[in-house]
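Overview (structure and organization)
Listed below are the residues making up each chain.
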Amino acid sequence: MTGEHVSRSAAGEAWARATGAGIHRLAVPTPFLVGRVNCYLIEDEPLTLVDTGPNSGKSLDELALALERHGHRIQDLELIVITHQHMDHLGLLEILARRSGAEVAALHLLAPYLEHFNERATDDDEFAESIMRRHGVPNDLITVLSSVGAAFRAYGSSGHVTRELSDGDTLTFRDRRLRVMHRPGHSPSDTLFWDEDRRILIAGDHLLDHVSSNPLISRPLVDDGGAPPRRRALIEYIESMRMTRELPAELVVTGHGNPIVDHVALIDERLRMHNRRARKMLRLLAGGPLSAFEIASSMWGNIAVTQAFLTLSEVVGHMDLLAAEGKVHELEQADVVRFEAASSGSR
Ligand SMILES: [Zn+2]
């Protein structure tokens, strides 16, 4: 994880620039490790909220107060836009949409997910369990983590998307246009909103200033009927970051923390970090094949236990990178996958 890119005063300037463009940060509390989530009020026509915060009374109260500070009420909202499928970004959707009657815009792939949030979240949890089992996480730990996951699910909610978006679409307001960009990686539904005239990018969790966005292993959004193949989230994410790197953005406002003013430098740093991390993991394999959980444990110690799925996602993502380079391959032993360095000889 890397240091702050934006000093305090630079962050202040960046926020002032966003405010000048009618984009106001409403930082809403979450029960998650990540801390507050940034929702954005766009003062334009339609009056728009980007992301909602998690489904809790405390979040709803704080969101309502933050709106009031800008002279608006929940009932005034005319459009709600969702950046991606994580609970901290969409949990209040149902309540806000009901109270305001606002249109709800989200990526078309996300619409069926939101419509049946509980079922999909349950499927996601089962998928996560099978991934953990397959990658060597001990069964008793999986049981504990699953009950924690189930308890958190209440912070999400369903919602009905009235305006399905596709990559390349434009959302038109009185004073601005936002181009819709599907840039999967952190999640399969990551959607960015690009104001080309102002060179401002609304990025959700696709890029974060203070931490590397985790490319979480997740089920594909399109159900093709068969067993869902595992998405290669980090490879997908790196591809998406390379596309974002080409945008002439001057300001990137994000789902958590401060805005990013030099996204090219930040993306370059993230790419270097992933490369370094992949090499480090490859060195661990010099001693013989390891499961993703064993690699995560030696990389991050106890965090591999408390944050098993997250660290597993990191390891598997980097193994995908190394496999694409022909440097590792998978060995299946008693239903557990181990990774073996390609150069470590035959078995
Ligand atoms: Zn997220």
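Notes on the structure in this doc start here.

How each quantity is defined
Residues numbered from 1 in each chain as written. Predicted model: local features only at pLDDT ≥ 70, side-chain atom pairs only at ≥ 80, totals over all residues. Heavy atoms only, no water. Helix = DSSP H or I, 4+ residues; strand = E, 2+ residues; numbered from the N terminus. Expected span 1.5 Å × (residues − 1). Buried < 20%, exposed > 50% of the residue type's maximum accessible area, 1.4 Å probe, protein only. Contact = heavy atoms within 4.5 Å. Core = buried A, V, L, I, M, F, W, Y, C linked by side-chain atoms within 4.5 Å. Phe/Tyr/Trp six-rings, centres within 6.5 Å; stacked < 30°, edge-to-face > 60°. Salt bridge = Lys/Arg side-chain N within 4 Å of Asp/Glu carboxyl O.

Another point: helix α9 (residues 263–284). Taking 1.5 Å of rise per residue, 22 residues should cover 32 Å, and α9 covers 32 Å from first to last C-alpha, within 8% of that figure. Of all the residues in α9, the buried ones are H263, L266, I267, R270, L271, M273, H274, R277, A278, M281 and L282. Packed against the buried residues of α9 are α8 (233–245), β11 (251–253), α10 (292–300), α12 (308–324), β13 (328–333) and β14 (336–341).

Now for the nonpolar core. Among the nonpolar cores identified, the biggest contains 35 residues, and L26 and L96 are the most heavily contacted of them. Broken down by element, the residue count for this core peaks at four residues, all from helix α2 (residues 57–69). In this view, L26 contacts V37, N38, C39, L41, L49, L63, A66, L67 and H70; residues no more than four positions away in its chain are not counted. Residues I131, L285, V315 and V328 belong to the second largest nonpolar core, which totals 30 residues.

Quick look at the packing of aromatic side chains now. Counted according to the given criterion, the structure contains five aromatic pairs. Aromatic pair F152 and Y155: ring centres 6.0 Å apart, planes at 50°, arrangement tilted. Given the relative accessible area of 28%, F152 is considered partly exposed. Judged by its relative accessible area of 23%, Y155 is partly exposed. By way of ring pairs, the aromatic residues F32, F152 and Y155 are connected into one cluster.

Below, the discussion takes up the pattern of salt bridges. Charged atoms that come close allow side chains of opposite charge to pair. A full pass over the atoms with the stated rule returns 22 salt bridges. Among the ionic pairs, E62 bridges to K58, the shortest N-O distance being 3.6 Å. Of this pair, E62 and K58 are both found in helix α2, four residues apart, which corresponds to roughly one turn of the helix. Residue D167 pairs with R183 through a salt bridge whose shortest N-O separation is 3.5 Å. Taken together, the residues D167 in the loop between β6 (163–165) and β7 (170–172) and R183 in the loop between β8 (177–182) and β9 (191–195) connect sequence positions 16 residues apart. The exposure class of D167 is partly exposed, given its relative accessible area of 47%. Judged by relative accessible area, R183 falls into the buried class, the value being 10%. Shared partners join several salt bridges into a network, and the residues in it are D44, E45, R174, D175 and R176.

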